[in-house]
4 protein chains.
Amino acid sequence: MRFFSDNAAPACPAVLDAIVAANRVDTAYDGDRWSAALDARFGALFETEVSVLWTPSGTAANCLALAALCPPHGAIVCHRDAHIQNDECGAPEFYTHGAKLLLAEGDGAKLTPARITQVIDLIADDVHRVQPHAVSITNATEYGLVYRPDEVAAIGALARARGLGLHMDGARFANAVATTAAAPADLTWRAGVDALSFGFIKNGGMTAEALVFFRRDLVDATRYRRKRAGLLLSKGRYLAAQILAMLDDDIWLANARAANAGAALLARAAGGRLVHPVEANEVFVRVAADEAAALRALGFDFYDWAPGEIRLVVSWDQSEAAIRPLADAIAALA
Amino acid sequence: MRFFSDNAAPACPAVLDAIVAANRVDTAYDGDRWSAALDARFGALFETEVSVLWTPSGTAANCLALAALCPPHGAIVCHRDAHIQNDECGAPEFYTHGAKLLLAEGDGAKLTPARITQVIDLIADDVHRVQPHAVSITNATEYGLVYRPDEVAAIGALARARGLGLHMDGARFANAVATTAAAPADLTWRAGVDALSFGFIKNGGMTAEALVFFRRDLVDATRYRRKRAGLLLSKGRYLAAQILAMLDDDIWLANARAANAGAALLARAAGGRLVHPVEANEVFVRVAADEAAALRALGFDFYDWAPGEIRLVVSWDQSEAAIRPLADAIAALA
Amino acid sequence: MRFFSDNAAPACPAVLDAIVAANRVDTAYDGDRWSAALDARFGALFETEVSVLWTPSGTAANCLALAALCPPHGAIVCHRDAHIQNDECGAPEFYTHGAKLLLAEGDGAKLTPARITQVIDLIADDVHRVQPHAVSITNATEYGLVYRPDEVAAIGALARARGLGLHMDGARFANAVATTAAAPADLTWRAGVDALSFGFIKNGGMTAEALVFFRRDLVDATRYRRKRAGLLLSKGRYLAAQILAMLDDDIWLANARAANAGAALLARAAGGRLVHPVEANEVFVRVAADEAAALRALGFDFYDWAPGEIRLVVSWDQSEAAIRPLADAIAALA
Amino acid sequence: MRFFSDNAAPACPAVLDAIVAANRVDTAYDGDRWSAALDARFGALFETEVSVLWTPSGTAANCLALAALCPPHGAIVCHRDAHIQNDECGAPEFYTHGAKLLLAEGDGAKLTPARITQVIDLIADDVHRVQPHAVSITNATEYGLVYRPDEVAAIGALARARGLGLHMDGARFANAVATTAAAPADLTWRAGVDALSFGFIKNGGMTAEALVFFRRDLVDATRYRRKRAGLLLSKGRYLAAQILAMLDDDIWLANARAANAGAALLARAAGGRLVHPVEANEVFVRVAADEAAALRALGFDFYDWAPGEIRLVVSWDQSEAAIRPLADAIAALA
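It should be emphasised that the depicted structure is a prediction, and the values quoted were computed from it without experimental measurement. (Residues numbered from 1 in each chain as written. Chains lettered and ligands numbered in written order. Predicted model: local features only at pLDDT ≥ 70, side-chain atom pairs only at ≥ 80, totals over all residues.)

1. Quick look at the relation of the copies chain A and chain D
Here is step 1: Its rotation angle being 180°, the transformation that places chain A on chain D also includes 0.0 Å of axial translation and leaves an RMSD of 0.0 Å. Between the two chains, the operation in question is that of a two-fold axis. Ranked by how close their C-alpha atoms come to the rotation axis, the residues of chain A are headed by Gly98(A), at 2.0 Å.
Here is step 2: Looking at the interface residues of chain A, 100% of them are also at the interface in chain D, so both copies use one shared face. (Least-squares fit on C-alpha atoms with pLDDT ≥ 70 in both. Contact = placed C-beta atoms within 7 Å.)

In structure tokens:
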């Protein structure tokens, strides 16, 4: 019983169907009709004109965005526990040609204007210091917390005031939308976000993420960077088709709601053992080593996050029935 | 009627089946059973121990190989018309952090020891010059010619003598194997090749290529480079499964034979109009602008390669019946 | 008797005096009064507002300029024999993070609009190709030829029309000014040059070159790049002082005239043996191996440029009396 | 009265003399007799075979060393307040092509094995994390503390045990030698140091630092990197000569002793106001804003390090008589 990672979940039926449909011949790279439809489809969703590129991974989307927002001699402020800092093997440094990540604090991997200011106010304005050029936040965060529109907007206002770009790592953006019930526009460009990595893979996709530029002037150079990174797949239509299929009938949102609901079920069971509030599909629980072993003995698979702490991730395809046994087992811990 | 590019062809049925099969949950990144099987399966094919990584594009495979063989301050000798020079938007420079491509001449994009020597003998052995560290050849070449085992071996011997690594861009390696009927080992490591980009996508795959290291010591750092480039897809099992499916029953070879046979049919029709010998699935034909227009008017789609010259590419799925009309139309040109 | 390289020449007395003067304490990095004076002093020389940075080498000046004019995913057109291509160990690729040099032909390492067009017209306007962003020319060229103002202006007009930046490697700019008697402005910004590497070291300086930006918007990011490259020397005043000293009393021009005159003397002696017209301080002469040996036996030191060809370089400090013996020896060759 | 920075100090007489001597013609780049003598001279000083390159800045020396010890996909552990992190505008990231600095804590910018272990033990051994490849320590530290041989050796042992390279930023290495009276070998290679940036500029030099490789296999690639960075000055003899002049008669050590003695004088005056123990030539003193203003009104120039804290740096050329007035003024603060 898989609670290890939403990356281990299958692709949803609509995605498989889309791939079969895309197998009818069209053309190479991103010259196909599906790729061409992305701007309009995301434009409708976000209620504004956007430029959208597919990428085969979230790391790729994140780092193309960062490279668009920060020069090699600049810095990007992010949380100390951000995925871009800890889980991408230096991809931001690779794509930006050596920009520096400046690490801020914040509960549950969540930044605030005060936390960001704390970091950038230390940077003297001279050539000896790497100057900040961008901020990157993750919504939902690496610990399953969610930024509300006003929280993003506060950071967006700071970014504008300081001349910084604002990137949102939305590997679990769908979960954040599901939780907040906010308009996608309110969580992003209306709150000052310049570029969004809109995740599909963890949410029932297979091999495609969307990089959404609200600052459309950033897309032209990014097309070259994408190609130059070996990310312009020669049969890109299979990626575009996946994304479009998940936008149809708001599958992306239904999938996220399902995962969030499952996590809420686990959260209720965990009660006082929760390390963080559960606002998306990740649940961090304090369990002793023997308790973790007992849960595993029951067939549950999960990640040992830290000593005395496990991470449970609910995926789009897990029904209440599939989750209930784990919830019961957690509730049954002494 | 598509003769534009083998990238526009569909994926073959076995690949679609494999993707459906991989949709049964396994695990994330390359921790799955399919990814784990690659070394052994390619090892059997190549009759030696190899280390294999999937990548989502041929450019990615090529450039990870080049980064493994050449430091940032080094150079790579390739043909003036090589894909890595002309069609990857500087990806080799990106992945190698600025190594230089040294361009050699050669008929049909084919290198020889003499052509390579011509280039590297001009490089004085001092710190003012970028020193060569590797050679990259393409088999089949960008003009559809094929290196035989002895031709590769001659280049391999030169590479060894000069302390250079040897990379083979095998975006159409299957076609070269089909043409030469050589053992894959004889076309590669027995001839001195250190790393092979083994192409599947143009040959009926969807989104997966294999990077095969015969020098297995190169794979460890490459794993980090792959991750760092955003190329370690979080659901990598779908890529590994595609590759394995095409190795089954030698589908990769059957597909390439089919495409080669189609190209041979066109070559016979083109006769004296051929720009290059046709040894794989690409056919370059001299046609005047009005002749090209006439062919297009009949519904044939192809690439204008140069003034008075078109490129026709046959894909794995095109039967003789599908190709015959174009062959007849070419033969019917005055 | 040194004709090997103008890099082997001593620094001129004014430079030594300036260093002693700068040894009176001022302040660190480029906060000193000499560094602060550069913009105004070069502004007067060039009859326009400029932004000027000192660098400790010509390679550094060239590559900071190129990095300002070309993004990592772009290309720079230069001559096949340009210093930036052949003699800087890939420094342009290092500083630009992997931009590509596109090599053009031209007699005596001299480019023309037609030669540049020949290269860039081959580049399809799509993401698969590295797109040209800049042109770099060397004045005087690597073979001692000189661009006149109208020749630079023709290239400048092409650059503007195609949206390309224009850099001039002026390691021997002083020699070019001396030869043409042109106003420095006419050889540079009035002819479309955006950035000039103004060489002092070969011309009697010690360790300082000037990077002159006519497009002043380029200087801000360049300050960070200079620091980031370890080129912002902590006692930069010694570099600025050298440059200012050579601007005083037009020492830079007098030194160049002296070197050019010496080269002209050798050119007259070499007569029909000259490989290139002699327009600056370099003289390329056809001599057989035994003739070269005979000259060396007489105590003359020079560079074997190619089989049957030697390079003689005259430095600022070599009087006619110092050069005459070599001229006579050359004239005396059969 | 200058206590702002040792970078603002003049060059010492022996250095000026050496420059005049080097102005006798020799040859270009590092082909001169002075450059050729470096290995032997430093070898004698360090009682082992070493390979030494001059560089025009400490940042350049540091970053060439780091690039030799850490691949682009690796990480370097250093103190949170290290010069390479805070004062080089990302030069380590530039030279290493994007390696990450991992920041450790420690009093007075000094690392210990425990502090280093704290950082690297958090790094899971998988491709998602940037793996540590090197440690960099600064001796004397950025706050004027000094590592003793046994302290370096403890870090060296850890580095060896974990497979990490060890770099020492010795911008003020001379001061550390002066303080500890240790053999230079005991502070470096015998304690596990692989590469040392041996600073001369702050200590009475002008424009030359020495990069000393105890692991001599690292020097070959570094020669290319130095050239590629525009750091191989065309008249390098002036740099080598400076260094050799300061090694003569142990001027480097005498200068450092003088600066340290001056700092000790200030330290005694500051007494309980000291922020850090004073072990080299830097003195950090707690003074209120009005006290700082009062000191400045007396003509003393210094750096406001932090609110309520100033930094005083004593240079090689400041006699006790020159320092006494500041010492008295500090002692006279209420």
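2. Structural notes on the domain arrangement of chain A
Accessible area lost when the parts come together is the quantity often used to give the size of an interface.
All names here are of chain A.
Here is step 1: Segmenting chain A into domains produces domain 1 (12-249) and domain 2 (252-331).
Here is step 2: Taking only C-alpha atoms into account, the centre of domain 1 sits 27 Å from that of domain 2.
Here is step 3: Facing the 19 residues of domain 1 at the interface are 17 residues of domain 2.
Here is step 4: Elements that contribute at least two residues to the side of domain 1 that touches domain 2 include exactly helix H8 (173-180) and helix H11 (237-247).
Here is step 5: Sorting elements by how many residues they give to the side of domain 1 that touches domain 2 places H8 first, with 6 residues.
Here is step 6: Class assignment for the residues of the side of domain 1 that touches domain 2 results in 12 nonpolar, 6 polar and 1 charged. (Domains from an automatic or database assignment. Helix = DSSP H or I, 4+ residues; strand = E, 2+ residues; numbered from the N terminus. Nonpolar A, V, L, I, M, F, W, Y, C, P; charged D, E, K, R; others polar.)

3. Digging into the interface of chain A and chain D
Here is step 1: In this complex, chain A contributes 14 residues to the contact, which on the side of chain D involves 14 residues.
Here is step 2: Classifying every residue of the side of chain A that touches chain D by side-chain character gives 4 nonpolar, 6 polar and 4 charged.

4. Here's the deal with the packing of helix H1 (residues 13-22) of chain C against helix H11 (residues 237-247) of chain C
All names here are of chain C.
Here is step 1: Relative to each other, H1 and H11 sit at 140°, their axes nearing to 8 Å. Accordingly, the angle class assigned to the pair H1 and H11 is oblique. The crossing of H1 and H11 is right-handed. Together, Ala-14, Val-15, Asp-17, Ala-18, Ile-19, Ala-21 and Ala-22 of H1 and Arg-237, Tyr-238, Ala-241, Gln-242, Leu-244, Ala-245 and Met-246 of H11 make up the contact between the two elements.
Here is step 2: A breakdown of the residues in the contact of H1 with H11 according to their chemical character gives 11 nonpolar, 1 polar and 2 charged. (Axes fitted to C-alpha atoms, helices over the stretch in contact; angles between N-to-C directions. Parallel < 35°, antiparallel > 145°, perpendicular 65-115°, else oblique. Left-handed = near helix turned anticlockwise from the far one by under 90°.)

5. Remarks on the pairing of strand E4 (residues 131-138) of chain A
Residue and element names in this part refer to chain A.
Here is step 1: The buried count for E4 comes to 8 of 8 residues, which makes it a mostly enclosed element.
Here is step 2: Bridge analysis of strand E2 (residues 74-79) against E4 gives 4 bridges, and the strand direction is parallel. Each residue of the ladder has a partner; that of Gly-74, found in E4, is Gln-131.
Here is step 3: When E4 meets strand E5 (residues 165-170), the two strands line up parallel, connected through 5 bridges. When the bridges of E5 are listed, Val-135 appears paired with Leu-166. (Buried ≥ 20, exposed ≤ 12 C-beta atoms within 10 Å, placed from the backbone. Pairing = 2+ DSSP bridges.)

6. Digging into the interface of chain D and chain C
Here is step 1: With 39 residues of chain D in contact, the opposing surface of chain C contributes 39 residues.
Here is step 2: Mapped onto the side of chain D that touches chain C, the elements with two or more residues apiece are helix H1 (13-22), helix H3 (58-69), helix H5 (91-96) and helix H10 (219-228) of chain D.
Here is step 3: The leading source of residues in the side of chain D that touches chain C is H3(D), at 4 residues.
Here is step 4: Taken together, the residues of the side of chain D that touches chain C break down into 22 nonpolar, 11 polar and 6 charged.

7. A closer look at H10(D)
Here is step 1: Of all 10 residues in H10(D), 7 are buried; the element is thus mostly enclosed.
Here is step 2: Those residues of H10(D) that are buried are in contact with helix H5 (91-96) of chain C together with strand E1 (51-55), H3 and strand E7 (209-213) of chain D.
Here is step 3: Immediately beyond the C-terminal end of H10(D), within one or two residues, lies Gly230(D), with a positive phi of roughly 75°.

8. A look at the sheet that holds strand E5 (residues 165-170) of chain C
Residue and element names in this part refer to chain C.
Here is step 1: With mixed pairing, the 7 strands of this open sheet are ordered in space as E1-E7-E6-E5-E4-E2-E3. In this open sheet, the two edge strands, each paired with only one partner strand, are strand E1 (51-55) and strand E3 (100-104). Neighbour to neighbour, the strand axes of the sheet diverge by 20° on average, direction disregarded.
Here is step 2: Summarising the sheet, strand E6 (residues 195-198) and strand E7 (residues 209-213) pair through 4 bridges and their orientation is antiparallel. Within E7, the position partnered with Ala-195 by the bridge is Phe-213.
Here is step 3: Sitting on the sheet, helix H6 (residues 113-120) touches strand E2 (74-79), E3 and strand E4 (131-138), and the angle it makes with E3 is about 130°.

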